[in-house]
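# Chains, contacts and geometry: an overview
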Amino acid sequence: MINESLRKRLEKIHSRLTDVEQELANPEVTKNIKKMQALSIERAELLPIVERARSLDSLIKDIETTESWTSDPELKDDAVIELDGLKKRVAEVENEIKGLLLPKDPNDKKNVLLEIRAGTGGDESTLFAADLVRMYTKFAERKKWNIEIISSHESGLGGFKEIVIKLVGKNVYSTLKFESGGHRVQRIPVTETQGRIHTSACTVAVLAEVENISEINVKPEEIRVDVFRASGAGGQHVNKTESAVRITHLPTGIVAECQDDRSQHKNKEKALKVLCARIKDQELANQQKSIADTRKTLIGSGDRSERIRTYNFPQGRVTDHRINLTSYKLDQVLEGILDEFTDMLVTQHQAERLSSMVD
């Protein structure tokens, strides 16, 4: 009943779990904290797979027993019903195992640099960017993530031309990684005198934080650092010191800047982290594009030009175009109650990967 290649893989995992548990029981290993931590993490990853494999074996034995009852006229009807339920449960457990066997995204547990940029729509686009900032901030607060503004460029009406926010917490990237793309708003702008509905857009980029800059091969001669006087709110200080920093990666043309801190050194440090995250994100996007070229996925590759979601104010609805999910709880979504969308996107992505695994 179970795929032979899957069975062999499960046998290897069971054997590896036995080895890991034996090593953890070794007093010499307990003296080596790093090795013990690594083995403990590996055990935590292997154990759920082995437990589900045991459940699968138990279900298969139950099926064999129940099938033997079908030859008895008095038990046959009940046995057929029982078999149907057991086979459905086997399929469910197999999918659970396949989900656990899928390669982990190395970025899933990382913190995030969330970029929101105003797009088409002029002032209305910057105001929509401010709405998105509030929405994601509220969502982060509900998740008990830490929030830090890295850089921001405000517009005259209280909106944002661009803002970069650092979010720190549990599974930030895995939760938000499908938020990258074009977000569109349909509403009557505050500046509209004739009551017409306008369409504006912003782009969102979810970048996995580069914890160690040495991860990215950026040579000193490949970057240009410019310092300048900070602009915007900040009193007299902004006119007196060149604390703002702009860093350009010459080979790719990627730019990052920061002017929110009074310290030039801190601004440079933050800008460099943003730059490295953008470089890494571009590398990842190129890899994903090659995959998408051979297999078009429902969720998409996170291309910034891809329209992923529409917020329609007159109808009070939010629609995610990748998964055809529409909610008429626009007010709640803008208050940061995004779980319906983030959970469904993760579920659909896993379903796609399972489908690809079968293919």
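Up top is the structure.
These notes cover the structure that comes with them. (Residues numbered from 1 in each chain as written. Predicted model: local features only at pLDDT ≥ 70, side-chain atom pairs only at ≥ 80, totals over all residues. Heavy atoms only, no water.)

This part is about the nonpolar core. I116, L132, Y136 and Y311 are the most contacted members of the largest nonpolar core, which has 36 residues in total. Sorting the residues of this core by element identifies β1 (112-118), α5 (122-142), β3 (160-168), α6 (172-176), β5 (198-208), α9 (330-334) and α10 (339-358) as the ones contributing at least two each. At 9 residues, α5 tops the list of elements feeding residues into this core. Apart from the residues lying within four places of it in its own chain, the contact partners of I116 are A129, L132, V133, Y136, K161, E162, I163, T203 and V204. Membership of the second largest hydrophobic core comes to 21 residues, among which are L39, V50, I60 and I63. (Core = buried A, V, L, I, M, F, W, Y, C linked by side-chain atoms within 4.5 Å. Buried < 20%, exposed > 50% of the residue type's maximum accessible area, 1.4 Å probe, protein only. Helix = DSSP H or I, 4+ residues; strand = E, 2+ residues; numbered from the N terminus. Contact = heavy atoms within 4.5 Å.)

Right, let's talk about the pairing of β3 for a bit. Inspection of the sheet shows β1 paired to β3 by 6 bridges, in the antiparallel sense. Among the inter-strand pairings, R117 is bridged to a residue of β3, identified as E162. Taken together, the 8 bridges between strand β2 (residues 146-154) and β3 define a ladder with antiparallel strand orientation. Following the sheet pairing, H153 is matched in β3 by E162. As consecutive antiparallel partners, β2 and β3 are separated by 5 residues, and within that stretch G158 has a phi angle of approximately 90°, a positive value. (Pairing = 2+ DSSP bridges.)

A few words on the side chain of N107. Tracing the sequence through the fold places N107 in the loop between α4 (76-101) and β1. Apart from the residues lying within four places of it in its own chain, the contact partners of N107 are Y173, A208, K280 and L284.

Once that is clear, we can look at the packing of aromatic side chains. Going through the model one piece at a time under the given rule, you end up with 2 aromatic pairs. Judged by centre distance (5.5 Å) and plane angle (65°), the rings of F128 and Y311 are edge-to-face. Pair noted here: F128 is in helix α5 and Y311 is in strand β9 (residues 307-312), with a separation of 183 residues, a long-range link. For F128, a relative accessible area of 0% gives the class buried. Judged by its relative accessible area of 0%, Y311 falls in the buried class. With a centroid separation of 5.7 Å and an interplanar angle of 85°, the aromatic rings of F139 and W145 are classed as edge-to-face. Judged by its relative accessible area of 0%, F139 is buried. Lying over the aromatic face of F313, R187 brings its terminal NZ or CZ to 4.7 Å of the ring centre. (Phe/Tyr/Trp six-rings, centres within 6.5 Å; stacked < 30°, edge-to-face > 60°. Lys NZ or Arg CZ within 6 Å of the ring centre and 35° of its normal.)

The next point concerns the packing of helix α1 (residues 4-24) against α4. Contact geometry of α1 with α4 gives a least axis separation of 12 Å together with a crossing angle of 60°. The angle between the axes of α1 and α4 places the two elements in the oblique class. Once α1 is placed against α4, the crossing between them reads as left-handed. Residues L6, R9, L10 and I13 of α1 touch α4, and the partners they reach there are I97, K98 and L101. Class assignment for the residues of the contact of α1 with α4 results in 5 nonpolar, no polar and 2 charged. (Axes fitted to C-alpha atoms, helices over the stretch in contact; angles between N-to-C directions. Parallel < 35°, antiparallel > 145°, perpendicular 65-115°, else oblique. Left-handed = near helix turned anticlockwise from the far one by under 90°. Nonpolar A, V, L, I, M, F, W, Y, C, P; charged D, E, K, R; others polar.)

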